[in-house]
Amino acid sequence: MATSTKTKSKSKEKTLSETLNRQVANFSVLHMKLHHFHWYVKGENFFTLHLKFEELYKEAALHLDTIAERMLAQRALPVATLTEILELTTLKEATGEENAKQMVQSLADDFDMICNELTEGITLAEENEDQPTEDLLVHIRTSLEKHRWMFEAYLAE
């Protein structure tokens, strides 16, 4: 009976590792997307959005590194190639055709997607009694929820 419990636990750990790897992929794509938007935003809100996108790509890089280092501390391997990242991400890359409003909407949608996935990861971490990972994901989700709210307020007419 101990074997089945151990197998069940390993299965959950793998699922948590897969969930974390998806976020490594998502934050990698988000980081590049934010850089793209930072470089190519135009229009009357250029100065505001240019700075905001820079702030967010720096934050995305921190989240990416923190999640990957948490995985390494747990002896899991974070994805580290563009091929793996693009296979795992649930986000869409920037097309290069977005105007400022579409950029903001795309990011609000991305933050919503990531928040939903982080909630799943929080639940898995809780089931695995992995409080450090749970705390990490809660912290990231809290930050993204605030950014999402601000973008939605920006888009409100």
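Remember, predicted model here, so these are calculated numbers, not experimental data.

Thresholds applied
- Residues numbered from 1 in each chain as written.
- Predicted model: local features only at pLDDT ≥ 70, side-chain atom pairs only at ≥ 80, totals over all residues.
- Heavy atoms only, no water.
- Helix = DSSP H or I, 4+ residues; strand = E, 2+ residues; numbered from the N terminus.
- Expected span 1.5 Å × (residues − 1).
- Polar contact = N/O pair within 3.5 Å; in protein donor to acceptor, adjacent residues only side chain to side chain.
- Salt bridge = Lys/Arg side-chain N within 4 Å of Asp/Glu carboxyl O.
- Buried < 20%, exposed > 50% of the residue type's maximum accessible area, 1.4 Å probe, protein only.
- pLDDT = per-residue confidence, 0-100.
- Contact = heavy atoms within 4.5 Å.
- Axes fitted to C-alpha atoms, helices over the stretch in contact; angles between N-to-C directions.
- Parallel < 35°, antiparallel > 145°, perpendicular 65-115°, else oblique.
- Left-handed = near helix turned anticlockwise from the far one by under 90°.
- Nonpolar A, V, L, I, M, F, W, Y, C, P; charged D, E, K, R; others polar.
- Phe/Tyr/Trp six-rings, centres within 6.5 Å; stacked < 30°, edge-to-face > 60°.

## As for unusual backbone geometry
Point 1. Phi is positive for Arg-75, which is not a glycine, with a value near 65°.
Point 2. Positionally, Arg-75 belongs in the loop between helix 2 (46-73) and helix 3 (82-88).
Point 3. In the Ramachandran plot, Glu-129 falls in the positive-phi region, its phi being about 55° despite a non-glycine side chain.
Point 4. Tracing the backbone shows Glu-129 in the loop between helix 4 (100-127) and helix 5 (131-155).

## Remarks on helix 4
Point 1. Given a rise of 1.5 Å per residue, 28 residues ought to cover 40 Å, and the 41 Å separating the end C-alpha atoms of helix 4 matches this to within 8%.
Point 2. Looking at where helix 4 begins, the residue whose side-chain oxygen comes 3.1 Å from the main-chain nitrogen of Lys-101 is Asn-99.
Point 3. Where helix 4 terminates, the next one or two residues include Glu-129, which has phi positive at roughly 55°.

## Brief notes about the pattern of salt bridges
Point 1. With the rule as written, the count across this model stands at 6 salt bridges.
Point 2. Lys-52 is the salt-bridge partner of Glu-55, the closest N and O atoms lying 3.1 Å from each other. Within this pair, Glu-55 and its partner Lys-52 are both found in helix 2, separated by 3 residues, close to a single helical turn.
Point 3. Overall, the relative accessible area of 39% leaves Glu-55 in the partly exposed class.
Point 4. Glu-54 is paired through a salt bridge with Lys-58; the nearest N and O atoms lie 3.2 Å apart. Residue Glu-54 and its partner Lys-58 are both found in helix 2; the two are separated by 4 residues, about one turn of the helix.
Point 5. On the basis of relative accessibility, which here comes to 24%, the residue Glu-54 falls in the partly exposed class.

## Re the confidence of the model for the protein
Point 1. The predicted model of the protein averages 93 in pLDDT, with 91% of residues at 70 or higher.
Point 2. With pLDDT under 50 throughout, residues 1-8 is counted as low confidence; its partners more than four residues away or in other chains account for 0 contacts.

## Quick look at helix 5
Point 1. With 25 residues, helix 5 extends 36 Å from end C-alpha to end C-alpha; this agrees with the ideal 36 Å at 1.5 Å per step.
Point 2. Within helix 5, burial applies to Thr-133, Glu-134, Leu-136, Leu-137, Ile-140, Ser-143, Leu-144, His-147, Arg-148, Phe-151 and Leu-155.

## Here we look at the packing of helix 4 against helix 5
Point 1. Following both chains from N to C, one finds helix 4 and helix 5 inclined at 155°, their axes separated by 8 Å at the closest point. The orientation of helix 4 relative to helix 5 falls into the category roughly antiparallel. As for the relative orientation of helix 4 and helix 5, their crossing is left-handed in sense.
Point 2. Looking at the contact of helix 4 with helix 5 residue by residue, the class counts come to 16 nonpolar, 5 polar and 7 charged.

## With respect to the packing of helix 2 against helix 5
Point 1. It is at 11 Å that the axes of helix 2 and helix 5 come closest, and there the two elements cross at 165°. Considering their axes alone, helix 2 and helix 5 lie roughly antiparallel with respect to each other. Two packed elements cross with a definite hand, and for helix 2 against helix 5 that hand is left-handed. Packed against helix 2, whose contacting residues are Leu-49, Lys-52, Phe-53, Glu-55, Leu-56, Glu-59, His-63, Thr-66, Ile-67 and Arg-70, the element helix 5 presents Pro-132, Thr-133, Leu-136, Ile-140, Ser-143, Leu-144, His-147, Met-150, Phe-151 and Tyr-154 at the interface.
Point 2. Per-class residue counts for the contact of helix 2 with helix 5 are 11 nonpolar, 5 polar and 4 charged.

## A look at the packing of aromatic side chains
Aromatic ring pairs: the centre-centre distance and the angle between the two ring planes describe each pair.
Point 1. If you walk through the whole model with that rule in mind, you get 3 aromatic pairs.
Point 2. Where Phe-37 meets Phe-53, the ring centres are 5.8 Å apart and the plane angle is 50°; that geometry is what we call tilted. On the criterion of sequence distance, the pair formed by Phe-37 in helix 1 (residues 2-40) and Phe-53 in helix 2 is long-range, its members being 16 residues apart.

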